[in-house]
Amino acid sequence: MNVTPLEWFITIGVTVAVLLFDVIFIARRPHEPTMRECGIYLSFYIGLAIAFGLWVWNFHGGQFGLEFYAGWLTEYSLSVDNLFIFIIIMASFKVPKIYQQEALLIGIVLALIFRGIFIALGAVAIQQFSWIFYIFGAFLVYTAIRLARDTQHDDDAENTVVRLARKYVPTTDRWDGLKLYLKEGGKRLMTPMFLVIVALGTTDLLFALDSIPAIYGLTREPYIVFTANLFALMGLRQLYFLLGDLLNRLVYLSQGLAFILFFIGVKLVLHALHENELPFINGGAGLHVPQIPTLLSLAVIILTLFLTMVASLIKTRVVDKRRKSSAAPR
């Protein structure tokens, strides 16, 4: 894929412009967004991603267009899973509604920074070491198994880094917008927003470790990896408020994502075997193993997400009916 410097410049420029718009808009008018506002922005961002995929398809070929859509859907689904943790963090720290947009925006910016770093590191590793696909594949399979066993999301927003911050950094319970510290009695005290940002940042770091190997299992083009992550993070703030209740109804999301990650992990291992250069495997020669085409990957991802959503909604509807029937007077 031949991406010109102008394309990179425009892509990064648009990214900065969107983030600046969000920062300025929220800083001038911090508020809890309405459902209509969230719906408009989310529709715009999704439409923008679909249009970008069509542009890639027309100007760089159908194969790269498919890779973008597969990568975008995978990263978007992982970002939705990330929202569960964001909800837990907000609830755990009792973040006031008026400040949640600001905290979410910082979390999204941190996610973009961490993913950008891992994208660059992943691209260098792939160019230098073909055997890195073995590690990526094994890591995704391990992550999938761990995720499938986890029927509920971890409610422990007090991760190790946050606990250390609470222990060794003076803190206060007072909120003051995005301010990370306040001065009380001549002492500098960290605000709850500081702890929230620490929690969001460490969560983003962990999710980046999962998401980057996953998308490199679908494409080896750094430009597609970057843009798929970029569009997956756009609109995440609005999705948080729009689907807050629905997210709790997606009870099988972890299992669906586990299957997707397992599938991509197997695909990576097969690719690593096909391109094998390790001397202790088949004498350093590649093996004749089946390769999974991008179109099949895209179909599996879409079907898995669809079935996950349908099964989750059916499950929650059945549970709701049972609760209502048991609570009804006899």
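These remarks concern the structure in this document. None of these values were measured; they are calculated from a predicted model.

Observations concerning the pairing of strand 2 (residues 187–190)
Here is step 1: Of the strand pairs in this sheet, strand 1 (residues 181–184) and strand 2 are connected by four bridges, and their pairing is antiparallel. Across the sheet, Leu182 pairs through a bridge with Leu189, a residue of strand 2.

Quick notes on the side chain of Thr143
Here is step 1: The residue Thr143 is located in helix 5 (residues 132–149) in this model.
Here is step 2: Take Thr143: its relative accessible area is 2%, and that puts it in the buried class.

Some remarks on the nonpolar core
Here is step 1: Phe68, Trp72, Phe93, Tyr216, Tyr240 and Ile264 are the most contacted members of the largest nonpolar core, which has 93 residues in total.
Here is step 2: Broken down by element, the residue count for this core peaks at 17 residues, all from helix 3 (residues 62–92).

Concerning the packing of aromatic side chains
Here is step 1: What the rule picks out here adds up to 12 aromatic pairs.
Here is step 2: Ring pairing ties together the aromatic residues Trp8, Phe52, Trp55, Phe59, Phe68, Tyr69, Tyr223, Phe226 and Phe231, which thus form one cluster.

Some thoughts on the packing of helix 7 (residues 192–216) against helix 8 (residues 222–233)
Here is step 1: One way to put it is that helix 7 packs onto helix 8 with a least axis distance of 10 Å and a crossing angle of 135 degrees. Between helix 7 and helix 8, the angle falls in the class oblique. Handedness of the helix 7/helix 8 crossing: right-handed. On helix 8, the residues touching Ser211, Ile212, Ile215 and Tyr216 of helix 7 are Pro222, Ile224, Val225, Ala228 and Asn229.
Here is step 2: For the contact of helix 7 with helix 8, the per-class residue count stands at seven nonpolar, two polar and no charged.

About the thresholds
- Residues numbered from 1 in each chain as written.
- Predicted model: local features only at pLDDT ≥ 70, side-chain atom pairs only at ≥ 80, totals over all residues.
- Heavy atoms only, no water.
- Pairing = 2+ DSSP bridges.
- Helix = DSSP H or I, 4+ residues; strand = E, 2+ residues; numbered from the N terminus.
- Buried < 20%, exposed > 50% of the residue type's maximum accessible area, 1.4 Å probe, protein only.
- Core = buried A, V, L, I, M, F, W, Y, C linked by side-chain atoms within 4.5 Å.
- Phe/Tyr/Trp six-rings, centres within 6.5 Å; stacked < 30°, edge-to-face > 60°.
- Axes fitted to C-alpha atoms, helices over the stretch in contact; angles between N-to-C directions.
- Parallel < 35°, antiparallel > 145°, perpendicular 65-115°, else oblique.
- Left-handed = near helix turned anticlockwise from the far one by under 90°.
- Contact = heavy atoms within 4.5 Å.
- Nonpolar A, V, L, I, M, F, W, Y, C, P; charged D, E, K, R; others polar.

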